[in-house]
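Spelled out, the chains give:
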Amino acid sequence: MVLDTTTVRAQKRHSEAFLRALPDYQIGAILKITLTNFVTYNHVEFSPGPYLNMVIGPNGTGKSTIVCAIALGLGGKPEILGRAKEIKEFVKKNQETAVIEIELKTKTGSAIIERSFKHTANTSMWKIDGM
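Residues numbered from 1 in each chain as written. Predicted model: local features only at pLDDT ≥ 70, side-chain atom pairs only at ≥ 80, totals over all residues. Heavy atoms only, no water.

(A) Layout of the overall build of the protein. The helix and strand tally for the protein stands at 3 helices and 5 strands. Each helix and strand of the protein, placed in order from N terminus to C terminus, yields the pattern α-α-β-β-α-β-β-β. Relative to its length of 131 residues, the protein is compact, with a C-alpha radius of gyration of 15 Å against a globular reference of 14 Å. C-alpha atoms of the protein, sized along the principal axes, occupy 45 × 35 × 25 Å. Restricting the contact set of the protein to residue pairs at least 6 apart, pairs at least 24 apart contribute 51%. Total accessible area on the protein is roughly 8,200 Å²; 57% of this is exposed by carbon and sulfur atoms. (Helix = DSSP H or I, 4+ residues; strand = E, 2+ residues; numbered from the N terminus. Rg over C-alpha atoms; globule rule 2.2 N^0.38 Å. Contact = heavy atoms within 4.5 Å. Areas by Shrake-Rupley, 256 points an atom, 1.4 Å probe, with all protein chains shown as cover.)

Printed below as a string of C-alpha cells:
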C-alpha cells in the first residue's frame, strides 16, 4: 500500500478504528467538524459516521449551531440560516476569532476546509489544508 501525504496526515489525526471505517465514507462526506469560539462552543470536535447521522438533544444544547457551522463552513451565507445577518455574529461572546474546520473525504484521502472570522469584521479567511 502506497501512502500519500494526505493519508499520513489523516493517520496522525484519527484513531485506528476511524481509519478502518474510512473506505465506508463516500467522496465528499464529512469526516470531522471542529469548532473553536463558535456561537456557544469554546472548542468541540464531531466525527460523523459513514452512514446516517442525526443531531438530537434537548432544546438549547447546540444542535442548530452544528448545522449552522456545516452550512457556513462549506461556503453558505449567514442570511440563509435565519439566525444572523453577518458572519461576525457567530463569534462566541468575548472572543476575538471563530474557526470552523470541516474535513471532507476525497479520492486520495481527505481535505480540510477552514473558515475563520473575527467579531470586528464581516469578512472570512479561507484555507484548504492549511494554505
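There is more to say, and it comes next.
(B) Fine view of the pairing of strand β1 (residues 30–38). Where burial is concerned, most of β1 is hidden: 8 out of the 9 residues are buried. Here β1 runs beside strand β3 (residues 97–106); their pairing, made up of 6 bridges, is antiparallel. Each residue of the ladder has a partner; that of Thr 34, found in β3, is Glu 101. (Buried < 20%, exposed > 50% of the residue type's maximum accessible area, 1.4 Å probe, protein only. Pairing = 2+ DSSP bridges.)

(C) Broad picture of unusual backbone geometry. Of note, the phi angle at Asn 37 is positive, near 55°, even though the residue is not glycine. With respect to the helices and strands, Asn 37 occurs in strand β1. Residue Asn 37 is classed as buried on the basis of its relative accessible area, which comes to 15%. One non-glycine residue, Asp 129, adopts positive backbone phi at about 50°. Mapping Asp 129 onto the fold places it in the segment after β5 (124–128).

(D) Representation of the nonpolar core. Core analysis: the largest hydrophobic core is formed by 21 residues, its most contacted members being Leu 35, Phe 38, Leu 72, Phe 90, Ile 100 and Phe 117. Listed by contribution, the elements that provide at least two residues to this core are β1, β2 (41–46), α3 (63–73), β3 and β4 (109–118). Residues within four places of Phe 117 in sequence aside, it is in contact with Phe 38, Ile 87, Phe 90, Val 91, Glu 96, Thr 97, Ala 98, Ile 100, Thr 123 and Ser 124. (Core = buried A, V, L, I, M, F, W, Y, C linked by side-chain atoms within 4.5 Å.)

(E) Structural view of the pairing of β5. Relative to β5, β4 runs antiparallel, the two sharing 5 bridges. Bridge assignment links Phe 117 to a residue of β5, and that residue is Ser 124.

(F) Expanded view of a nonpolar patch on the surface. On the surface, Tyr 51, Leu 52, Met 54 and Ile 56 cluster together to form a nonpolar patch covering roughly 590 Å² of accessible area. Tracing the sequence through the fold places Leu 52 in the loop between β2 and α3. With a relative accessible area of 73%, Leu 52 lands in the exposed category. (Patch = residues over 30% accessible without salt bridge, like charges linked within 9 Å, V, L, I, M, F, W, Y side chains within 5 Å. Salt bridge = Lys/Arg side-chain N within 4 Å of Asp/Glu carboxyl O.)

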